[in-house]
There are 2 protein chains.
Amino acid sequence: MNFLLENATIVSNNPTREIFRGSVRVEKDRITAIGKKLKAKPREKRINLDGQILIPGFVQTHVHLCQTLFRNLADDLQLLDWLKERIWPMEGAHTEKSLYASARLGIAELLSSGTTTILDMGTVRHTDAIFTAADEMGIRAFIGKCLMDRNDCPKELREPTAQALKENLDLISRWHGKANGRLRYANAPRFVISCTEGLLKDLRSLSEEKNLLVHTHASENREEIKIVQSMTGKKNIAYLDHLGLANERLVLAHCVWVDEDEQSLLAKTKTKVSHCPSSNLKLASGIAPVPTFRKAGISVSLGADGAPCNNNLNMFQEMRLASLIQKPVHGPTTMTAQEVFEMATLEGAEALGLAHEIGSIEIGKRADLVAISLDKLHSAGGSDEAKSIYSSIAYACTPSNVTHTWVDGRLVYQAKSGKVGGVSSEQILQDAKRERRKLLQKI
Amino acid sequence: MNFLLENATIVSNNPTREIFRGSVRVEKDRITAIGKKLKAKPREKRINLDGQILIPGFVQTHVHLCQTLFRNLADDLQLLDWLKERIWPMEGAHTEKSLYASARLGIAELLSSGTTTILDMGTVRHTDAIFTAADEMGIRAFIGKCLMDRNDCPKELREPTAQALKENLDLISRWHGKANGRLRYANAPRFVISCTEGLLKDLRSLSEEKNLLVHTHASENREEIKIVQSMTGKKNIAYLDHLGLANERLVLAHCVWVDEDEQSLLAKTKTKVSHCPSSNLKLASGIAPVPTFRKAGISVSLGADGAPCNNNLNMFQEMRLASLIQKPVHGPTTMTAQEVFEMATLEGAEALGLAHEIGSIEIGKRADLVAISLDKLHSAGGSDEAKSIYSSIAYACTPSNVTHTWVDGRLVYQAKSGKVGGVSSEQILQDAKRERRKLLQKI
């Protein structure tokens, strides 16, 4: 696992945001040297990236691998129809096998499009299948079983509180910190509406005691906010704060509708926001006020959400959209290519408490790296200036520009090989097709 | 050029919008038979599209091939800086060679991502280079030299009226109707602001006399509208109507800011709107009220605009965005996948006066066809239902799903071949790189 990447244009994301032509040495799982003229050691494996760009792997802070199998099956629907008629029945019908196939398809798409780290919300059952897929395929992943214990939750997903919490603890002991620390557990109450106050309070203690993330949906749409208000007498984020959950270990997906008071709360408590532009548009939720969040000092990272509300898991698309949708309101110089690139890397690392480990190409950090070739019909162009390089990545690239992906120094994707995470793409597609067919027959 | 496409899922766009598994026979430039069980003729060439989707080629009603070379060089800028500091100087610096390279790169991207017909606005000079590239590579194209004759136009582009009109006529006689009718001329005054009233009046007569399209930008942003109002005393579209230009031969790119009176005018005169969602967001112009237009009976088709304001020329992206950006305002069931697919095909054909020739897979129409494979990590999923097939195309596909493109029965792209429009992709990329370098040195 030791090798030298040579002649790349390195977009380092280091504190001075240097971009330079040079080499990166990887030993085991870490970056051990970076330089404009590194000499290869005797017998060191050399990989020539001449003409290519090397970036830190993307970090997606909100995905649902369990939903990858539902892609193209739940479109142009009202949110409640989307959940009740499609997502919940399909999640409820998952078997361990179908969930494994769904996770593998999602991870394969993620790794092959440059995402090396995810924060994933599972469904209520079979969470081991997601961890197993992530373990085998090599993605860095925070995963949690979805928690839904209120009586009014859909019956195919609802669990008694004690049972939910017990399985949560079992999963933590089986998976948290495994695979050289690459796999971690993240508590995943679905949203306030689906959880009892008792469960949320237990998660607060658990998160504090074991230093675990809490990952939930919040303030995605106005209907949800009204329900939370009527259930708790409080606004959504105020309620989470009241329970002691709002802190730097809390990652909130969406936050489309957050008023000024709640924005102050997010900033003060260092709660993290995961912005999902495709999903927010597609489900008609709205456009999150991201430039305002960032001015207020709130950490905002990016996620593709699940395949049925996107319909890809592609960080290039989310970067481009995170930039473009703000411009009509805030002007064309808002949310520059560099800014969304940093949200897709550094801010993601920050949100997951991994800023010291990933998000940039620096000595001592994990070797989570992605090589990109711009030399394609749809992306060719630009100059050697930093501004142009960021534009190329954020506005012109698609997954087909990715040539190599490494996580912890392991080559988990190489475009030419037809394999991803050690498995042939064909096998992953076949398994997904078979399991999807079975799932659709069940519901 | 005779062949039989077999075993495809045909998304026909015919009057009943049938989707079925079957075959399509192409003889010379036309579709001559379609059926669920067509038998191959003796010695007929057969192409097996088992597992693939066959769609009519996409029609983009607003592109600038002359700008493809400027990709990734003009991002996150105010519109006026974008035009004055980047686009105009670069257009002004074009040589015949650089324009040819720019057009080839753009056409290669278009054909390889399923676009078979374009309405292109050139720059003021060297328009033959664009026609030549289109002629050779086989795309169906309406092309026109850009007309800018007002004294306050940028000096590197401004032309005397008589000279502009003379060249316009010369180009018409050289190119209009050539290549089996595949190449056509479209008059292209840049926008009201850049044209004298005399020039616009002459174009009105010319368009009427020779049945030619007029292709211009209109009501892209509020500043432009103010200038038109102060120049002419009229609103933009009212002014075009006052000159007799607003009719079914007029295609207006953008129309982001069009009030109710002007919407009625668009509907009444059958003026066509080309909606460019990526460009409108990126240049912070706004979001065109497309659902309102369509309810009012206005024809709306799609275009990627130029590479510097997008940064791709990819119809999948424009379909997806045309749908997604309307949903937060008009709800999640607005602008369905099927609706944007039809805008990308049938409505484009309609806008260009070619509804009898292209836009659907029907006997007697031109063989402008695209084969798509969904079997990729980012798009796999869905069912055999029509709704799911449209979703797959509009929301999940990227250019890498396209396996074959035919125009007038000619195979102009095959993913496996490494060639597009008869030229190797590598050659096109090399030429573009060389010409871009020379262009950047000049300015």
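Residues numbered from 1 in each chain as written. Chains lettered and ligands numbered in written order. Predicted model: local features only at pLDDT ≥ 70, side-chain atom pairs only at ≥ 80, totals over all residues.

**Student:** What should I look at first to understand the overall build of chain A in this one?
**Tutor:** For chain A, the count of helices and strands is 16 helices and 19 strands. Against the globule reference of 22 Å for 443 residues, chain A gives a C-alpha radius of gyration of 21 Å, in line with a compact fold. Its C-alpha atoms give chain A principal-axis dimensions of roughly 65 × 45 × 40 Å. Within the span of chain A, comprising 443 residues, buried residues form 60% of the whole. Partitioning the contacts of chain A with sequence separation of at least 6, the portion at a separation of at least 24 is 73%. (Helix = DSSP H or I, 4+ residues; strand = E, 2+ residues; numbered from the N terminus. Rg over C-alpha atoms; globule rule 2.2 N^0.38 Å. Buried ≥ 20, exposed ≤ 12 C-beta atoms within 10 Å, placed from the backbone. Contact = placed C-beta atoms within 7 Å.)

**Student:** Looking at this structure, I do not really get the relation of the copies chain B and chain A. What am I missing?
**Tutor:** Expressed as a screw transformation, the operator carrying chain B onto chain A has a rotation angle of 180° and an axial translation of 0.0 Å, and the superposed copies differ by an RMSD of 0.0 Å. Accordingly, the operation relating the two chain copies is best matched by a two-fold axis. Rotation axis and chain B: the residue whose C-alpha lies nearest the axis is Ser400 of chain B, separated from it by 3.5 Å. Of the residues that chain B buries at the interface, 100% are likewise interface residues in chain A, meaning the two copies contact each other through the same surface. (Least-squares fit on C-alpha atoms with pLDDT ≥ 70 in both.)

**Student:** Got a minute to help me understand the interface of chain B and chain A in this structure?
**Tutor:** Accessible area lost when the parts come together is the quantity often used to give the size of an interface. Contact residues are listed per partner, giving 55 residues for chain B and 55 residues for chain A. In terms of residue class, the side of chain B that touches chain A is built from 24 nonpolar, 23 polar and eight charged. (Nonpolar A, V, L, I, M, F, W, Y, C, P; charged D, E, K, R; others polar.)

**Student:** Mind showing me how you'd approach the domain arrangement of chain A here?
**Tutor:** Residues and elements named next belong to chain A. Its domain assignment divides chain A into domain 1 (3-56 + 359-424) and domain 2 (59-351). Using only C-alpha atoms to locate each centre, domain 1 and domain 2 end up separated by 28 Å. Across the contact, 26 residues belong to domain 1 and 31 residues belong to domain 2. For the side of domain 1 that touches domain 2, the secondary structure elements donating two or more residues are helix H15 (386-396), strand E16 (402-407) and strand E17 (410-414). Counting residues per element, the side of domain 1 that touches domain 2 draws most heavily on H15, which supplies five residues. Of the residues that constitute the side of domain 1 that touches domain 2, the class distribution is 14 nonpolar, eight polar and four charged. (Domains from an automatic or database assignment.)

**Student:** Sorry if this is basic, but what is going on with the pairing of strand E13 (residues 272-275) of chain B here?
**Tutor:** In regular strands, side chains alternate between the two faces of the sheet. All names here are of chain B. Of the two faces of E13, the one lined by Lys272 and Ser274 and the one lined by Val273 and His275 are each fully buried. Here strand E12 (residues 250-254) runs beside E13; their pairing, made up of three bridges, is parallel. The partner of Leu252 across the bridge, within E13, is Val273. In this fold, the crossover linking E12 to E13 by way of helix H8 (residues 260-269) has right-handed handedness. Bridge analysis of E13 against strand E14 (residues 300-302) gives three bridges, and the strand direction is parallel. (Pairing = 2+ DSSP bridges. Right-handed = clockwise from strand over helix to strand, strands pointing away.)

**Student:** Looking at this model, I keep getting lost on the nonpolar core. Mind explaining?
**Tutor:** The tendency in soluble globular proteins is for nonpolar side chains to be buried as a group. Judged by nonpolar contacts, the single largest core of 286 residues is most densely connected at Leu54 and Ala134 of chain A together with Leu54 of chain B. When sequence neighbours within four positions are dropped, the list of residues in contact with Ala134 of chain A reads Ala103, Ile107, Ile139, Ala141, Ile143 and Leu183 of chain A. (Core = buried A, V, L, I, M, F, W, Y, C linked by C-beta atoms within 7 Å.)

**Student:** For this particular structure, what's the right way to read the packing of helix H4 (residues 161-175) of chain A against helix H5 (residues 197-210) of chain A?
**Tutor:** Pairs of packed helices are described in terms of their axes, by the angle between the two and the distance that separates them. All names here are of chain A. Contact geometry for H4 and H5: axes closest at 11 Å, N-to-C directions at 20°. Accordingly, the angle class assigned to the pair H4 and H5 is roughly parallel. In the crossing of H4 with H5, the sense of the turn from one axis to the other is right-handed. Side by side, H4 and H5 meet where Thr161, Ala164, Leu165 and Ile172 of the first sit next to Gly198, Leu199, Asp202 and Lys210 of the second. In terms of residue class, the contact of H4 with H5 is built from four nonpolar, two polar and two charged. (Axes fitted to C-alpha atoms, helices over the stretch in contact; angles between N-to-C directions. Parallel < 35°, antiparallel > 145°, perpendicular 65-115°, else oblique. Left-handed = near helix turned anticlockwise from the far one by under 90°.)

**Student:** Sorry, what's going on with the environment of Lys419 of chain B here?
**Tutor:** Residue and element names in this part refer to chain B. Topologically, Lys419 is positioned in strand E18 (residues 419-420). What makes Lys419 partly exposed here is the crowd of 18 C-beta atoms within 10 Å. Note: C-alpha distance between Lys419 and Ser383 (36 residues apart in sequence) is 32 Å. Aside from chain neighbours lying at most four places away, what touches Lys419 is Ser424 and Ser425.

**Student:** Would you explain unusual backbone geometry in this entry?
**Tutor:** With the exception of glycine, the majority of residues adopt a negative phi angle, and the majority of peptide bonds are in the trans configuration. Residue and element names in this part refer to chain A. Of note, the bond from Asn310 into Asn311 is cis; its omega dihedral lies within 30 degrees of zero at 10°. Positive phi, close to 65°, is recorded for Asn7, a residue that is not glycine. Within the element layout of this structure, Asn7 appears in strand E1 (residues 3-11). Of note, Arg43 is a non-glycine position whose phi angle comes to about 65°, a positive value. Mapped onto the secondary structure, Arg43 falls in the loop between strand E3 (30-35) and strand E4 (45-48).

**Student:** Explain helix H2 (residues 96-112) of chain A here, please?
**Tutor:** A rise of 1.5 Å per residue sets the reference length of H2 of chain A, with its 17 residues, at 24 Å; its end C-alpha atoms lie 24 Å apart and thus fit the reference within 8%. Burial analysis of H2 of chain A places 15 of its 17 residues in the buried class, the great majority of the element. (Expected span 1.5 Å × (residues − 1).)

**Student:** Teacher, can you tell me more about the environment of Ser383 of chain B here?
**Tutor:** Within the element layout of this structure, Ser383 of chain B appears in the loop between strand E15 (369-372) and helix H15 (386-396). Look at Ser383 of chain B and you get partly exposed, because 15 C-beta atoms sit within 10 Å.

**Student:** I tried to follow the pairing of E3 of chain A on my own but got confused; where do I start?
**Tutor:** Residues and elements named next belong to chain A. Note that strand E2 (residues 19-27) and E3 share five bridges and pair antiparallel. Along E3, the bridge assignment pairs Glu27 with Arg30. Between E2 and E3, which follow one another and run antiparallel, lie two residues, and Lys28 among them has a positive phi close to 55°.

**Student:** Sorry if this is basic, but what is going on with the environment of Val412 of chain B here?
**Tutor:** Residue and element names in this part refer to chain B. As for its position among the elements, Val412 is in strand E17 (residues 410-414). On the basis of neighbour count, Val412 is assigned to the buried category, with 25 C-beta atoms found within 10 Å. Along the backbone, Val412 and Gly138 are 274 residues apart, and their C-alpha atoms lie at a distance of 6.5 Å. Not counting residues within four places of it along the chain, the set of residues in contact with Val412 comprises Leu111, Met137, Gly138, Thr405, Trp406, Val407, Val420 and Gly421.

**Student:** I tried to follow H5 of chain A on my own but got confused; where do I start?
**Tutor:** Residues separated by three or four positions in an α-helix point in the same direction, a consequence of the helix having 3.6 residues per turn. Residue and element names in this part refer to chain A. If you check H5, its first and last C-alpha atoms are 20 Å apart, about what 14 residues at 1.5 Å a residue would give, namely 20 Å. All buried positions along H5 are accounted for by Leu199, Leu200, Leu203 and Arg204. Looking down the long axis of H5, one finds its buried residues gathered within 145° of arc, a one-sided arrangement. Facing away from the buried side of H5 by more than 90 degrees, the exposed set consists of Gly198, Ser205 and Glu209. Where H5 is buried, its residues contact strand E9 (146-147), H4, strand E10 (183-189) and strand E11 (213-218). Within two residues after H5, Asn211 carries a phi angle of roughly 55°, on the positive side. (Arc of directions from axis to C-beta.)

**Student:** Just to check I follow, could you spell out the confidence of the model for chain A for this structure?
**Tutor:** Interpretation of this model should avoid reading the predicted coordinates in detail wherever pLDDT is low. Residues of chain A with pLDDT of at least 70 account for 100%, and the chain-wide mean is 97. Reported confidences for the modelled complex are a pTM of 0.98 and an ipTM of 0.97. (pLDDT = per-residue confidence, 0-100.)

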